Amino acid sequence: MIRVLIIDDEQAICMILTEMVRSAGYEAYAVNTLAKGLELARREDFDLVYLDVALPDGNGLSALAHFVNLDSNPEVVIITGASDPKGADLAIRSGAWDYIDKGQSPLDIRLSFRQALEYRNTKMNLLPAKRDRIVGSSPKLTQCIQHMAKAARSSANVLIYGETGVGKDLFAHALHENSARAGKPFVVVDCAALQDSLAVSELYGHRKGSFSGATETVPGLVLQAHGGTLFLDEIGELDLKTQKKFLRVLENRTFRALGGAHEQHSDFRLVCASNRDLVAMVADNLFREDLLFRVRAITLELPPLREHLQDLPELVEYFLVRTCRANRLPLTSLSADLMQMLGEHFWPGNVRELSQVIEALVAAGHTADELTPRHLPIDLRALFARSKAAGYENIPVPPFRLSPPGPWKAFHDKAIITAEKTYFRDLMRFCAGDFQQAKAISGLSQARLYSLLKKHGLRAKE
Ligand SMILES: Nc1ncnc2c1ncn2[C@@H]1O[C@H](COP(=O)(O)OP(=O)(O)OP(=O)(O)O)[C@@H](O)[C@H]1O
């Protein structure tokens, strides 16, 4: 939807322009001071700005550059009650789309409006997207690239959704590269690795002496992203306390470092990624609804690889060339039956899994003229066979994790018990039940080995 901002202190002009915009089916917002106009335009995206010259708190022409350089890069039409050729010349040279006199006929004003919108439409659709390192030209992927490029031209917060390995990080980076902030910092926050106790210091920084061990004043990631893009990867992993604090930062882009006396400001554009279903997490009280609304002004959903298999040959070629080059090996190719096998696989790990499969293939078959199914690692061959036999529809989709993984301690304890059990089962199998040999290999004391075997229901030969 086209959005138009009107900045004029004359009520009548605001009404005429608002009426013109709304009757054309678009959104109009009118304010009567420069400060309010700038504040609104920095907060929200506009396609077109009508800017008066003589405003109560400043001169519109002098503020023109602030509007032209906004992330949304709106078209600006200067409106004046006292037009003069010098002012018109200056306005156009400074990036305004048009310069109109309030005394012009309504017909002329409408004509200028239509032309500005036509220009805007052409500009928005024709700018080619920089693909960064995104490979693939299927209709699905092309559409995602177009959405990404469109999102990049606004300043709205973007949430990138998709299963693991579909390219969320890649798209987040491409979005930054396509935005007006390209060339400025692109700061990644790995929310899954953010430890609860250190989250504040990592995000907002700390002052020297603010806690034992704080020997230096360190800027946080939020400040490092000033002028550029802050990318919150796996935002669903943020704990509720950190979510609450970050929501406040998002509202006005100000924060306070640990031990800091003053609020600091960071002008960052926010992009987030998640492979978890944040809506379900909201229902389970694991994610704040207000934060979700803020971060998903624009949503970009990336398809799993099995839904754009037309890209498989291009991706295979890309990873093959990349792997052979990195290992200084001659370029090789894939046999037709191997290609067919890859095309029939379900790809639960998506493009990341494909890149790993190609690396494994090259490692196993770099001396062969051609890579064939026999160069696939045995477990992959078995997996491919299983998924082929089961048929796509019988294999559970590796979805967003719909239920929370639960507390870390329970997960950790369970994982340890499983690993222990595997170890002692393997140990006793290797030793054919010989307790003394098992004791020697494991390095455990007699009593400890007994108790662990008992715990896991295993028995030794006396
Ligand atoms: N379309 C693509 N073209 C080229 N490489 C891709 C593409 N999609 C993904 N990749 C590669 O696959 C790997 C995984 O991508 P990425 O890390 O962006 O996925 P992700 O969706 O963020 O995964 P996760 O949710 O696990 O963090 C990376 O090496 C990335 O470069």
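For the structure, check the block above.
In what follows, the accompanying structure is described. All values derive from a computational prediction rather than experimental measurement. (Residues numbered from 1 in each chain as written. Predicted model: local features only at pLDDT ≥ 70, side-chain atom pairs only at ≥ 80, totals over all residues. Heavy atoms only, no water.)

Comments concerning the overall build of the protein chain
Within the protein chain one finds 19 helices and 18 strands. For 462 residues, the compact-globule formula gives about 23 Å, and the C-alpha radius of gyration of the protein chain, at 30 Å, lies well above that figure. If one aligns the C-alpha atoms of the protein chain with their principal axes, the spans along those axes are about 105 × 60 × 40 Å. Buried residues in the protein chain amount to 45% of all 462 residues. Here the contacts in the protein chain between residues at least 6 apart in sequence split such that 70% fall between residues at least 24 apart. Counting every atom, the protein chain has about 24400 Å² of accessible surface; 55% of that belongs to carbon and sulfur. Here the protein chain holds 55 positive side-chain charges and 56 negative ones, and the gap between their average locations is 7 Å. (Helix = DSSP H or I, 4+ residues; strand = E, 2+ residues; numbered from the N terminus. Rg over C-alpha atoms; globule rule 2.2 N^0.38 Å. Buried < 20%, exposed > 50% of the residue type's maximum accessible area, 1.4 Å probe, protein only. Contact = heavy atoms within 4.5 Å. Areas by Shrake-Rupley, 256 points an atom, 1.4 Å probe, with all protein chains shown as cover. Lys, Arg positive; Asp, Glu negative; His and termini not counted. Charge placed at Lys NZ, Arg CZ, Asp CG, Glu CD.)

Points about the environment of Asp57
Of note, Asp57 is situated in the loop between β4 (54-55) and β5 (58-59). By relative accessible area, Asp57 is classed as partly exposed at 37%. Spatially, the C-alpha atoms of Asp57 and Tyr99 are 20 Å apart, while their sequence positions differ by 42 residues. Sequence-distant contacts of Asp57, defined by excluding residues within four places in its chain, comprise Thr33, Leu34 and Ala35. Here the side chain of Asp57 touches Leu34 through a polar contact of 2.9 Å, landing on its backbone nitrogen. One polar contact links the side chain of Asp57 to the main-chain amide nitrogen of Ala35, over a distance of 2.9 Å. (Polar contact = N/O pair within 3.5 Å; in protein donor to acceptor, adjacent residues only side chain to side chain.)

Some thoughts on the packing of aromatic side chains
With the rule as written, the count across this model stands at nine aromatic pairs. Between the aromatic rings of Phe186 and Phe231, the centroid separation amounts to 5.9 Å while the plane-to-plane angle is 20°, which identifies the pairing as stacked. Taken together, the positions of Phe186 in strand β9 (residues 186-190) and Phe231 in strand β12 (residues 229-233) put the pair 45 residues apart, joining distant regions of the chain. The cationic tip of Arg3 hangs over the ring face of Phe46; the distance from NZ or CZ to the ring centre is 4.9 Å. The positively charged end of Arg306 is found above the aromatic ring belonging to Phe346, 4.4 Å away from the centroid. (Phe/Tyr/Trp six-rings, centres within 6.5 Å; stacked < 30°, edge-to-face > 60°. Lys NZ or Arg CZ within 6 Å of the ring centre and 35° of its normal.)

Overview of the site of the ligand
Around the ligand sit 18 residues, and of these Val135, Thr164, Gly165, Lys168 and Asp169 come closest. Residue Gly167 places a main-chain N or O atom 3.1 Å away from an oxygen atom belonging to the ligand. In this structure, an oxygen atom belonging to the ligand sits 3.0 Å away from a side-chain N or O atom of Arg352. Here the ligand has 630 Å² of accessible area as a free molecule, and 87% of this is covered by the chains. Counting contributing residues per domain, the shell around the ligand is built from domain 2 (139-301) and domain 3 (305-394), each supplying no fewer than three. (Near = heavy atom within 4 Å. Domains from an automatic or database assignment.)

A closer look at the side chain of Ser179
Inspection of the secondary structure assignment puts Ser179 in the loop between α7 (168-178) and β9. Aside from chain neighbours lying at most four places away, what touches Ser179 is Ala152 and Arg269.

Overview of helix α13 (residues 312-326)
Helix length check: α13, at 15 residues, gives a terminal C-alpha distance of 21 Å against a target of 21 Å (1.5 Å per residue), a fit within 8%. Those residues of α13 lying buried are Leu312, Leu315, Val316, Phe319, Leu320, Thr323 and Cys324. The arc that holds the buried residues of α13, viewed along the axis, is 150°, so those residues lie on one side. On its buried face, α13 is in contact with β17 (333-334), α14 (336-344), α15 (350-365) and β18 (370-371). Positive backbone phi, at 50°, marks Arg328, one or two positions downstream of α13. (Expected span 1.5 Å × (residues − 1). Arc of directions from axis to C-beta.)

Section: helix α6 (residues 139-152)
In this model, α6 (14 residues) spans 20 Å end to end at C-alpha, consistent with the 20 Å of a helix rising 1.5 Å per residue. Among the structural elements, β8 (158-161), α7, β15 (269-274) and β16 (298-301) are those in contact with the buried residues of α6.

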